[in-house]
There are 2 protein chains.
Amino acid sequence: MSVVDGTKSAGYDYGTEGVARSPVSLEELRELETAAGLGDEERRYLRLAGEVLADQAEAMVDAWRARMGAQEQLAKWFYGPDGKPDERYKAAIKPRFVRWVIDLCTRPFDQAWLDYQEEIGRRHAPDGKNATDEAQTPPLVPLRYVLAFSAIVVTSAREFLARKGHSTEDVERMHAAWTKAVMLTITLWARPYAKEGLW
Amino acid sequence: MSVVDGTKSAGYDYGTEGVARSPVSLEELRELETAAGLGDEERRYLRLAGEVLADQAEAMVDAWRARMGAQEQLAKWFYGPDGKPDERYKAAIKPRFVRWVIDLCTRPFDQAWLDYQEEIGRRHAPDGKNATDEAQTPPLVPLRYVLAFSAIVVTSAREFLARKGHSTEDVERMHAAWTKAVMLTITLWARPYAKEGLW
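If you're wondering where the values come from, they're calculated on a predicted model, not measured in any experiment.

Novice: So what's going on with the relation of the copies chain B and chain A? Which residues, and what values?
Specialist: Mapping chain B onto chain A calls for a rotation angle of 180 degrees and an axial translation of 0.0 Å; the resulting RMSD is 0.0 Å. In symmetry terms, the pair is related by a two-fold rotation axis. For chain B, the minimum C-alpha distance to the rotation axis belongs to Ala194(B) and amounts to 2.2 Å. Both copies present the same face, since 100% of the interface residues in chain B are matched by interface residues at the equivalent positions in chain A.

Here's what the structure looks like:
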């Protein structure tokens, strides 16, 4: 088990009435899954990845955050009005970020999952940033940093997937499934940023 | 050498006055490269990937297109007013798509490269779709399919990178560099789709 479970953390509203219905339909979600190449085999390897990453998810988030913290252009969206990192805000987000890793591997891509991806997207965009945690950081994380940093989220996962003694082929398949699932997530997160009709 | 070189194809305006200046600055590009983890080592492995993929780029594009053609939700953005694939349009695009693979691995990420990524983004969005090739297909490829399909562009490259006898470690490093470079590209292509101030 991960040190941080995340399901009990403030603002983790997965599957609750606190999360609005996504404007994306389940049919559109299925089309996106197919576009990203997420089929039954990928779902199986994603579940295996969930087992492999369960006790590593916090370390992954720590590694990503260390990287973000070292780059002003990524870090500043989490600064308070005093121009310094808002540690309370970051601490509130962290268990949800850890939980995202686990949820991505283990949850079915159903209405609750779809709704929560929209909610996470909103919390990065002006629609919802700061609101959940009553923070006073800048009103968004610009889309370009969400997209560019996903390259790190995708590539850095490989070494974590390789740490539990699986064959190179299984690691490769888990990594491909992870990549596709991350890209599906990022696709959904991008929706609140897009001009009307262009998403 | 690839069968399709691409540099001589109609509409391939890389580095010419036909391409407008990107609204993204070179400084912003550098920040995005850092965010995506594209450093000197990645550039070296990207150049190696360029050698490995040079004579395979057309096969990669053929594989991607076969996949797109088999999915209505991906294919229909290339249909003409008669509801059938616009083969003339697709034929016009193909050598530029092949060239994109090579350019991504081999071109410096300078002003000309930056400008051309903006141009490619515009050609997927209502700003510029159909114009270059005087086609009458739908006015955009929705952002969600550009993003979701990038999962295929990223993951499918691995087997092509592994075909020239490089060590597993070198294949892995080339693949990570490819992933980061694709995500950087997609990030730039997304700009014309984003609401003012949110990109």
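Novice: If you had to explain the environment of Tyr193(A) to someone new, which residues and values would you point to?
Specialist: Looking at the secondary structure, you find Tyr193(A) in the segment after helix H9 (168-189). Look at Tyr193(A) and you get buried, because 28 C-beta atoms sit within 10 Å. Once residues within four sequence positions are removed from consideration, Tyr193(A) is found in contact with Ala125(A), Leu143(A), Ala194(B), Lys195(B) and Leu198(B).

Novice: Pulling in residues and values, what's your account of helix H7 (residues 143-155) of chain A?
Specialist: Taking 1.5 Å as the rise per residue, H7(A) with 13 residues should run 18 Å; its terminal C-alpha atoms sit 19 Å apart, in good agreement. Buried residues dominate H7(A), accounting for 13 of its 13 residues.

Novice: Pulling in residues and values, what's your account of the interface of chain B and chain A?
Specialist: If you look at the interface, chain B gives 37 residues, while chain A gives 37 residues. Of all elements in the fold, only helix H1 (26-35), helix H4 (72-75), helix H7 (143-155) and helix H9 (168-189) of chain B reach the threshold of two or more residues within the side of chain B that touches chain A. Ranked by residues supplied to the side of chain B that touches chain A, first place goes to H7(B) with 11 residues. Looking at the side of chain B that touches chain A, its residues break down into 24 nonpolar, 9 polar and 4 charged.

Novice: Residues and numbers for unusual backbone geometry, please.
Specialist: One non-glycine residue with positive phi stands out, namely Asn130(A), at about 75 degrees. For Asn130(A), the position within the fold is in the loop between helix H6 (111-124) and H7.

Scoring rules and cut-offs
Residues numbered from 1 in each chain as written. Chains lettered and ligands numbered in written order. Predicted model: local features only at pLDDT ≥ 70, side-chain atom pairs only at ≥ 80, totals over all residues. Least-squares fit on C-alpha atoms with pLDDT ≥ 70 in both. Contact = placed C-beta atoms within 7 Å. Helix = DSSP H or I, 4+ residues; strand = E, 2+ residues; numbered from the N terminus. Buried ≥ 20, exposed ≤ 12 C-beta atoms within 10 Å, placed from the backbone. Expected span 1.5 Å × (residues − 1). Nonpolar A, V, L, I, M, F, W, Y, C, P; charged D, E, K, R; others polar.

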